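Survey of secondary and tertiary structure
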Amino acid sequence: MSAIRFLVNGAPAEVDVPGMRRLLDVLREELGLTGTKEGCGEGECGACSVLLDGQVVDSCLVPMAQVDGRIVRTVEGLALAARERGALDTLQEAFLTYGAAQCGICTPGMLMAARAYLDGGGGPDHDTIREAIAGNLCRCTGYQKIVGAIAAVAIGAAP
Amino acid sequence: MPSRLAEAYALLAAAPHVPIAGGTDLMVRITGEIGDPPERLLDVSRLPELEGISLETGELVIGAAVTYTDLRRSALCREHLPALVEAAATIGAVQIQNRGTIGGNIANASPAGDILPILLATDARIITGSAAGERVTPAAAFFTAYRRTALASDELILRVRIPLTPGRETRFRKVGTRRAQAISKVVMAVSWRDHGPSAGWSDVRVALGSVAPTPIRAAATEAVLEGARPSPEVVDRAAETLAAELRPIDDVRSTATYRRTVAARILHRILRDAGGW
Ligand SMILES: Cc1cc2nc3c(=O)[nH]c(=O)nc-3n(C[C@H](O)[C@H](O)[C@H](O)COP(=O)(O)OP(=O)(O)OC[C@H]3O[C@@H](n4cnc5c(N)ncnc54)[C@H](O)[C@@H]3O)c2cc1C
Ligand code: FES
Ligand code: FES
C-alpha cells in the first residue's frame, strides 16, 4: 500500500488503499461520492462511468494503481461549475426536461458518457449519440428520451 | 509503477508480476475466475515504449499499449489497414475502447479476440521483450493452445509489426455479439493480393476467431482461393471447403453446425463483394 494522489472534480484527493482496489469503491466508500453507481461490476452496464483524464471509462474496471496522478470527474463534478450560478449542468437540466431519467440508476453514468461525447465535439445526430451511449444500459426509458436530451444540448436548444 | 521499459524489465526479472494495460480483461477475471488480486501488478499502460502507431520501412508498427480509441482515430491505420479500424470499432463500447489495448487482446489470447484474425491474415509479427532482449514471433506461431501464447512469464508484448504488402486487400467481418458469443459469434479476416483480371489472387489468407480453441487460419480454404479469381464457382467451392474444414469447439452439435454455416456465409459474402457480383 502506498498513498495514491489524484484530482477528483477539481479537488486533490489522497487515499491509502491497495493498488487493485477499484476506483468505483474508492469513490463511493472512501470519498463519499455515491453518485457513481455499481450495476454489473464487469464493464457491461456503464452505471459506474466516470471521466478519467477526460475519457469516459467504467470505474469498476479501473484499479487505483492506475489512478495515481490523474484527473477524475464524477457526476458530482458535473454540476460544480453550474452550481455557482445556482443551477444544474445543461445536460442534467435537459435530462429533467425530456424525462430522460426514471429510476435513475443509469443516469449518472449516462450523463458522464454524454458529457464525454459532447466535450469531444459530438453533434445532434441520433445514430452517433446512440453509439456514444451504447455502453450504458437503461432498463426504463427505451433510450429515445435520453438521445433526445443529449441532441438538444448538442444543438444548444436545451432549456 | 515503472515509467520506462527498462524499469519494467528489472521488476519482471526480480519477481513474477502480472501486467495490466486497460484492465478490461484482467479486472473482470479478478472479480470472477482468478479470485484474489495478484500480489504484484505491473502497469504497462503508461510505458512510452509501448505507445504509438507509425510506418517503418513498409510496415505498420503498433505499440502494445495502443487502445481501440487510438486505432479508430489513427489516420495511418485508416489509410493502410482500414479493416483494423473497423474491427476496433466493433469492440465493446466507448468505455472499453478507451481502455482496452491491442497488447491486452493478444496476451489474453481469447479464441474470440477480435483483433487476432486480422493479425493472422496480415502475416503480422509480434515483438516481445525482457531484460534478455527482444524476440519476434509470427502471429501464426504465437497462439499455441486455448488461451496460451508464446509469451514467457518475464516478457512483455512491446508492439506488432504488420507488413504492408503492395496490392493486398484485407476484409474484416464479425457476426454475433459478445454476450451471445457462446452460441453465435464468428469473427473473420480475409486478405489477398490481386494481380489484375488475367492473373489470379496470391497470398490468400482466411483467418477466423471463435471457431476453435485458438484463432486459426483455414488452410484448405486458402488453397482453393490461391491462384484463382472470385468467380461464382470458386466462391461456392471456397465456402463449402470452409464449412467442411472447420471443427468448432462446441460439443453441442447444433451450435457447431450453426457456426460452420455462418462462417461459410460470411466468407461467401466477402468474396462475392470482392468479385463485384
Ligand atoms: C464489456 C466488455 C466488452 C468487450 N468486448 C470485446 C469485444 O467485442 N471483442 C474483443 O476482442 N474483446 C472484448 N473485450 C475484452 C477486452 O476488452 C479486450 O480483450 C482488450 O483488448 C483487453 O485489453 P486490456 O488492455 O484491457 O487488457 P488487460 O485486461 O489489461 O490485460 C489482459 C491480459 O493481457 C496481459 N497483458 C496486457 N498487456 C500486456 C503486455 N503489453 N504484455 C504482456 N501481457 C500483457 C495481462 O496480464 C492480462 O493477462 C470486452 C471486455 C469487456 C469488459
Ligand atoms: S458496474 Fe461498471 S460497467 Fe457495470
Ligand atoms: S432510468 Fe432506470 S435504468 Fe435508466
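For the structure itself, look to the data block above.
Attention in this report is confined to the structure presented alongside it. (Residues numbered from 1 in each chain as written. Chains lettered and ligands numbered in written order. Predicted model: local features only at pLDDT ≥ 70, side-chain atom pairs only at ≥ 80, totals over all residues. Heavy atoms only, no water.)

**Considering the sheet that holds strand β9 (residues 156-163) of chain B**
Residues and elements named next belong to chain B. On the basis of which strands lie adjacent, the open sheet formed by five strands has the order β3-β4-β9-β5-β6 and antiparallel pairing. Because the sheet does not close on itself, it has two edges, and the strands there are β3 (53-56) and β6 (133-138). Between one strand and the next, the sheet's axes are offset by a mean angle of 25°, whatever the strand orientation. Inspection of the sheet shows strand β5 (residues 125-130) paired to β6 by six bridges, in the antiparallel sense. Bridge pairing links Gly129 to Glu134 in β6. (Pairing = 2+ DSSP bridges. Helix = DSSP H or I, 4+ residues; strand = E, 2+ residues; numbered from the N terminus. Axes fitted to C-alpha atoms, helices over the stretch in contact; angles between N-to-C directions.)

**Quick word on helix α5 (residues 107-119) of chain A**
One full turn of an α-helix is made of 3.6 residues, so residues set three or four places apart face in the same direction. All names here are of chain A. Here α5 contains 13 residues, and its C-alpha end-to-end distance of 18 Å stays within 8% of the 18 Å for a straight helix at 1.5 Å per residue. Burial in α5 covers these residues: Thr107, Pro108, Gly109, Met110, Leu111, Met112, Ala113, Ala114, Arg115, Ala116, Tyr117 and Leu118. The positive-phi residue at the C-terminal boundary of α5 is Gly121, with phi of around 90°. (Expected span 1.5 Å × (residues − 1). Buried < 20%, exposed > 50% of the residue type's maximum accessible area, 1.4 Å probe, protein only.)

**As for the environment of Arg28 of chain A**
Residues and elements named next belong to chain A. Tracing the backbone shows Arg28 in helix α1 (residues 23-30). Taking the C-alpha atoms as reference points, Arg28 and Asp58, separated by 30 residues in sequence, lie 14 Å from one another. Once you skip the residues sitting within four places of it in the chain, Arg28 turns out to touch Leu33, Thr34, Thr36 and Lys37. At a separation of 3.0 Å, a polar atom in the side chain of Arg28 contacts the main-chain carbonyl oxygen of Thr34. (Contact = heavy atoms within 4.5 Å. Polar contact = N/O pair within 3.5 Å; in protein donor to acceptor, adjacent residues only side chain to side chain.)

**Re the environment of Ile96 of chain B**
Of note, Ile96 of chain B is situated in helix α6 (residues 94-99). For Ile96 of chain B, the residues in contact, after removing those within four places along its chain, are Gly43, Asp58 and Leu61 of chain A together with Thr24, Tyr68 and Ile91 of chain B.

**Regarding the packing of α5 of chain A against helix α7 (residues 144-154) of chain A**
Two quantities define a packed helix pair, namely the angle between the helix axes and the distance between the axes. Residue and element names in this part refer to chain A. Put simply, α5 and α7 touch, their axes get as near as 11 Å, and they point 35° apart. For the element pair α5 and α7, the recorded crossing hand is right-handed. Note on element contacts: α7 touches α5 through Ile146, Ile150, Val153 and Ala154, opposite Met110, Ala114, Tyr117 and Leu118. A class-by-class count of the residues in the contact of α5 with α7 yields eight nonpolar, no polar and no charged. (Left-handed = near helix turned anticlockwise from the far one by under 90°. Nonpolar A, V, L, I, M, F, W, Y, C, P; charged D, E, K, R; others polar.)

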